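Listed below, chain by chain, are the residues.
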Amino acid sequence: MRSKQEEINIILDAMNEIRERDINSIRKTLKNNGLLTQTREYLNVELHRLQKEMETLEEVKTRCGYIYECDK
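So, here's what we can say about the structure. Note that this is a predicted model, so its numbers are computed, not measured. (Residues numbered from 1 in each chain as written. Predicted model: local features only at pLDDT ≥ 70, side-chain atom pairs only at ≥ 80, totals over all residues. Heavy atoms only, no water.)

1. Observations regarding helix H1 (residues 4–32)
Here is step 1: In a regular helix each residue adds 1.5 Å, so 29 residues correspond to 42 Å; H1 covers 42 Å between its end C-alpha atoms and thus fits that length.
Here is step 2: Gly 34 lies just past H1 and shows a positive phi near 70°. (Helix = DSSP H or I, 4+ residues; strand = E, 2+ residues; numbered from the N terminus. Expected span 1.5 Å × (residues − 1).)

The structure is reproduced here in structure tokens:
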């Protein structure tokens, strides 16, 4: 008989396996349709935009000492 922790670990392993297969399937579909490079470029642009946004928020936080009241 398995412990609850063993059951949880089995479920988590299965979920990770499914997630990995989904990612590989998406990657394969994009590659087969010639969209993998475009998708990477788009994601890199979005990542750069988000990084700039975080830098701006950090500047505001440094200058003002907080961003939102709920941060205190």
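From this point, the discussion proceeds with the structure in view.
2. Describing a nonpolar patch on the surface
Here is step 1: Taken together, Ile 8, Ile 11, Leu 12 and Met 15 make up a surface patch of nonpolar side chains, about 360 Å² in accessible area.
Here is step 2: Looking at the element boundaries, Leu 12 is found in helix H1. (Patch = residues over 30% accessible without salt bridge, like charges linked within 9 Å, V, L, I, M, F, W, Y side chains within 5 Å. Areas by Shrake-Rupley, 256 points an atom, 1.4 Å probe, with all protein chains shown as cover. Salt bridge = Lys/Arg side-chain N within 4 Å of Asp/Glu carboxyl O.)

3. A look at the pattern of salt bridges
Here is step 1: Per the counting criterion, the structure on display carries five salt bridges.
Here is step 2: As a salt-bridge pair, Arg 21 and Glu 17 come within 3.1 Å of each other at their nearest N and O atoms. Pair noted here: Arg 21 and Glu 17 are both in helix H1, with a separation of four residues, about one helical turn.
Here is step 3: Among the residues examined, Glu 17 registers a relative accessible area of 47% and is labelled partly exposed.
Here is step 4: Residue Lys 52 pairs with Glu 55 through a salt bridge whose shortest N-O separation is 3.8 Å. Of the two residues, Lys 52 and Glu 55 both sit in helix H2 (residues 36–64), three residues apart, roughly one turn of that helix.
Here is step 5: Looking at Glu 55, the relative accessible area reads 42%, which means it is partly exposed. (Buried < 20%, exposed > 50% of the residue type's maximum accessible area, 1.4 Å probe, protein only.)

4. Remarks on the environment of Asn 33
Here is step 1: Of note, Asn 33 is situated in the loop between H1 and H2.
Here is step 2: Using a relative accessible area of 52% as the deciding quantity, one classes Asn 33 as exposed.
Here is step 3: Reaching out from Asn 33, the side chain makes a polar contact with the backbone oxygen of Thr 29 at a distance of 2.8 Å. (Polar contact = N/O pair within 3.5 Å; in protein donor to acceptor, adjacent residues only side chain to side chain.)

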